[in-house]
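Next come the chains, spelled out residue by residue.
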Amino acid sequence: MSGGDPGRWAEAKAPSLAEIEALADAAFAALPEEFRALCAGVRIHVDDFPDDETLTEMGCESEFGLLGLFRGVGLAQAGEVATGQMPNAVWLYRRPLLDYWAEHDETLGHLVTHVLVHEIGHHFGLSDDDMAGIEAAADAIES
């Protein structure tokens, strides 16, 4: 049997909301300082699934169709802060992340970093190449 010692999996459980949040916090801390500076005040939330309103708004056919979401005001609109506006936040969705992770050959930590960078990065108008560079820099720090 490949995959190492099967005994280590006998008691394993899927990561909890708090454990995914800890992965996200560690991923954020490993991002380059310049990127984190763009994110001042961004809150990271982890829920099992997006709510029904979000699924409808994003056009998702399934509750597993969305791994993460950024809500807030991007850098381009930074001067347009409305009174009573909620703070910028990223939501990561645990169950869709775990489902995706089970279907692909990458670590959960890498997946959480990828989704976190892309949710913040797209909102701030960064290109895919910019975000790939940020992820590579974070990977270099973690190694």
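Please refer to the structure placed before this passage.
One structure accompanies this document, and this report is about it. (Residues numbered from 1 in each chain as written. Predicted model: local features only at pLDDT ≥ 70, side-chain atom pairs only at ≥ 80, totals over all residues. Heavy atoms only, no water.)

## As for the packing of helix H2 (residues 17-29) against helix H6 (residues 108-123)
The packing of two helices is summarised by the inter-axis angle and the distance between the axes. Close contact between H2 and H6 brings their axes to 9 Å; oriented N to C, the two are set at 65°. Judged by the twist between their axes, the crossing of H2 over H6 is right-handed. When H2 is examined against H6, the residues Ile-20, Leu-23, Ala-24, Ala-27 and Phe-28 are found in contact with a partner set consisting of Leu-108, Gly-109, Val-112, Thr-113, Leu-116 and Ile-120. In the contact of H2 with H6, the residues fall into nine nonpolar, two polar and no charged. (Axes fitted to C-alpha atoms, helices over the stretch in contact; angles between N-to-C directions. Helix = DSSP H or I, 4+ residues; strand = E, 2+ residues; numbered from the N terminus. Left-handed = near helix turned anticlockwise from the far one by under 90°. Contact = heavy atoms within 4.5 Å. Nonpolar A, V, L, I, M, F, W, Y, C, P; charged D, E, K, R; others polar.)

## Regarding the pairing of strand S3 (residues 89-93)
Of all five residues in S3, four are buried; the element is thus mostly enclosed. Of the strand pairs in this sheet, strand S1 (residues 43-47) and S3 are connected by five bridges, and their pairing is parallel. Counted as the bridge partner of His-45 is Trp-91 from S3. With four bridges joining them, strand S2 (residues 68-71) and S3 adopt antiparallel strand pairing. The partner of Phe-70 across the bridge, within S3, is Val-90. (Buried < 20%, exposed > 50% of the residue type's maximum accessible area, 1.4 Å probe, protein only. Pairing = 2+ DSSP bridges.)

## Re the nonpolar core
Membership of the largest hydrophobic core comes to 28 residues, with the highest contact counts inside it found for Leu-92 and Ile-120. Going through the elements one at a time, H2, S1, S3, helix H5 (94-103), H6 and helix H7 (128-142) are the ones with two or more residues in this core. Of all the elements, H6 adds the most residues to this core, at seven residues. Dropping the residues within four chain positions of it, Ile-120 is found in contact with Phe-28, Phe-35, Cys-39, Phe-70 and Val-90. (Core = buried A, V, L, I, M, F, W, Y, C linked by side-chain atoms within 4.5 Å.)

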